[in-house]
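This is what each chain is made of:
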Amino acid sequence: MQRWEGVNEFVAVAETESFTRAAKRLGVSTAHVSRQISALEDRLSTRLFYRTTRRVSTTEAGQIYYQHCRQILDALEQAERSMTNMQLVPQGRLRLTAPVTYGEKSIAPLVNDFVLRYPELDVEMKLTNQQLDLVAEGYDLAVRLGKLDDSSLMARRLASRTLYVCASPAYLAVHGTPHSLSELEHHNCLQGNLGYWRFQDAGHPRNVRIRGNVRCDSGRALLDAALKGVGIVQLPDYYVGPALEAGTLVPLLTHYQEDDDGIWAVYPHNRHLSPKVRMLLDYFVDSLGVPNA
């Protein structure tokens, strides 16, 4: 750090040609400026200024040293401006991951809008239903659904989702409508990755084992099967919402419906949350409708 001592004072004197004016510019005393210049000249073993009672001017060595110092200070000012601009205008690389269907439907369009607003961003978005290791793979954030079980990550709630059990009118016309959880064992229940469905019974969470002749890890495929009358399905609102509104699917067992759970943005707790990531999270929250999240 000693190499920086006296540089600001030297440049100020060289530009104002006065110890007094340099001190005024820097907001310090004239004696302080004089001491710093003397110490700098001693350290460099070089005389930097000609001093007379009328004026101060740089020596040949002082002029050369000034040119280098001015370039360094200009570069430092530019670096500080760049950091300030990054606080105001998101730019640079940003990596995120999200589940496939929800990412395609809700997250990717918001990211695209955000990039249109801030074109200096370089975004890499990976849509996958696998939970990636954010730290090991260098992701800034991930969007995750439902209950979180990784306490090593910081989380911010973006939105809520509702799980619906539903079936088509055609299926119900043939097989009847279940009114209790126990009746599900008599129905063809379309299975996802899990072998059970989630409910709330008398205020307590309850998982019910289900069976059926279709199992698939794609929510869209299960939705298609339900719409075609193959069986009953349990899926989040962003899959079945339009079909419920249109009446092509009918909600079932609504008095056993589990409370809404979260849609989250998670990021490593030991990583500084950059302004671009924070602004993207704020944009997600504003767009997805969770006030004061």
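Residues numbered from 1 in each chain as written. Predicted model: local features only at pLDDT ≥ 70, side-chain atom pairs only at ≥ 80, totals over all residues. Heavy atoms only, no water.

Attention shifts here to the pairing of strand β4 (residues 121–127). Sheet topology note: the strand β3 (residues 92–98)/β4 ladder contains seven bridges and is parallel. The residue bridging Leu94 from the neighbouring strand is Val123, located in β4. Taken together, β3, helix α5 (residues 100–117) and β4 form a β-α-β motif whose crossover is right-handed. (Pairing = 2+ DSSP bridges. Helix = DSSP H or I, 4+ residues; strand = E, 2+ residues; numbered from the N terminus. Right-handed = clockwise from strand over helix to strand, strands pointing away.)

Turning to the sheet that holds strand β11 (residues 250–252), a few remarks are in order. Reading across the sheet, the three strands line up as β10-β7-β11 and stay open at both edges, with antiparallel pairing between neighbours. Of all strands in the sheet, those bounded by a partner on one side alone are β10 (233–236) and β11. Between one strand axis and the next, the sheet turns through 50° on average, direction left out of account. Sheet topology note: the strand β7 (residues 163–167)/β10 ladder contains four bridges and is antiparallel. Bridge pairing links Leu163 to Pro236 in β10. (Axes fitted to C-alpha atoms, helices over the stretch in contact; angles between N-to-C directions.)

Given a rise of 1.5 Å per residue, 15 residues ought to cover 21 Å, and the 21 Å separating the end C-alpha atoms of helix α3 (residues 30–44) matches this to within 8%. Within α3, burial applies to Val33, Gln36, Ile37, Leu40 and Glu41. Burial along α3 is one-sided: seen end-on, the buried residues are contained in an arc of 135°. Every exposed residue of α3 that faces more than 90 degrees away from the buried side is listed here: Arg35 and Asp42. Looking at the residues trailing α3, positive phi occurs at Ser45, about 55°. (Expected span 1.5 Å × (residues − 1). Buried < 20%, exposed > 50% of the residue type's maximum accessible area, 1.4 Å probe, protein only. Arc of directions from axis to C-beta.)

Quick look at unusual backbone geometry now. In this structure, Ser45 is a non-glycine residue whose phi angle is positive, near 55°. Along the chain, the position of Ser45 falls in the loop between α3 and β1 (49–51). Taking the relative accessible area as the measure of exposure, Ser45 reaches 67% and is therefore exposed. Look at Ala202: it is not a glycine, yet its phi comes out positive at around 55°. Looking at the element boundaries, Ala202 is found in the loop between β8 (196–201) and β9 (204–209). You can call Ala202 exposed: its relative accessible area is 70%.

Another aspect to go through is the pattern of salt bridges. By the definition in use, this model includes 13 salt bridges. Residues Glu15 and Arg25 are paired through a salt bridge, measuring 2.8 Å at the closest nitrogen-oxygen approach. Taken together, the residues Glu15 in helix α1 (residues 7–16) and Arg25 in helix α2 (residues 19–26) connect sequence positions ten residues apart. For Glu15, a relative accessible area of 31% translates into the label partly exposed. For Arg25, a relative accessible area of 47% gives the class partly exposed. Note that Arg51 is salt-bridged to Glu41, the shortest N-O span being 3.0 Å. (Salt bridge = Lys/Arg side-chain N within 4 Å of Asp/Glu carboxyl O.)

On to the domain arrangement of the protein. Note: interface size is frequently given as the accessible area lost on complex formation between the parts. Looking at the assigned domains, one finds that the protein contains domain 1 (7–83), domain 2 (92–160 + 261–288) and domain 3 (163–256). Its C-alpha centre places domain 2 at a distance of 29 Å from the equivalent point of domain 3. Each partner contributes to the interface: domain 2 provides nine residues, whereas domain 3 provides six residues. Between domain 2 and domain 3, a total of about 620 Å² is buried, with carbon and sulfur atoms accounting for 45% of that surface. The three residues of domain 2 that bury the most area against domain 3 are Thr101, Tyr102 and Lys105, which together make up 52% of that side's buried surface. Linking domain 2 to domain 3 there are two salt bridges. Across the pair Asp261 and Arg198 runs a salt bridge whose closest N-O atoms are separated by 2.7 Å. Counting across the interface, domain 2 meets domain 3 through three residue pairs in polar contact (both at pLDDT 80 or more). Per element, the largest residue contribution to the side of domain 2 that touches domain 3 is four residues, and it comes from α5. Residues of the side of domain 2 that touches domain 3, tallied by class, amount to two nonpolar, three polar and four charged. (Domains from an automatic or database assignment. Contact = heavy atoms within 4.5 Å. Buried area = accessible area lost by both parts, 1.4 Å probe. Polar contact = N/O pair within 3.5 Å; in protein donor to acceptor, adjacent residues only side chain to side chain. Nonpolar A, V, L, I, M, F, W, Y, C, P; charged D, E, K, R; others polar.)

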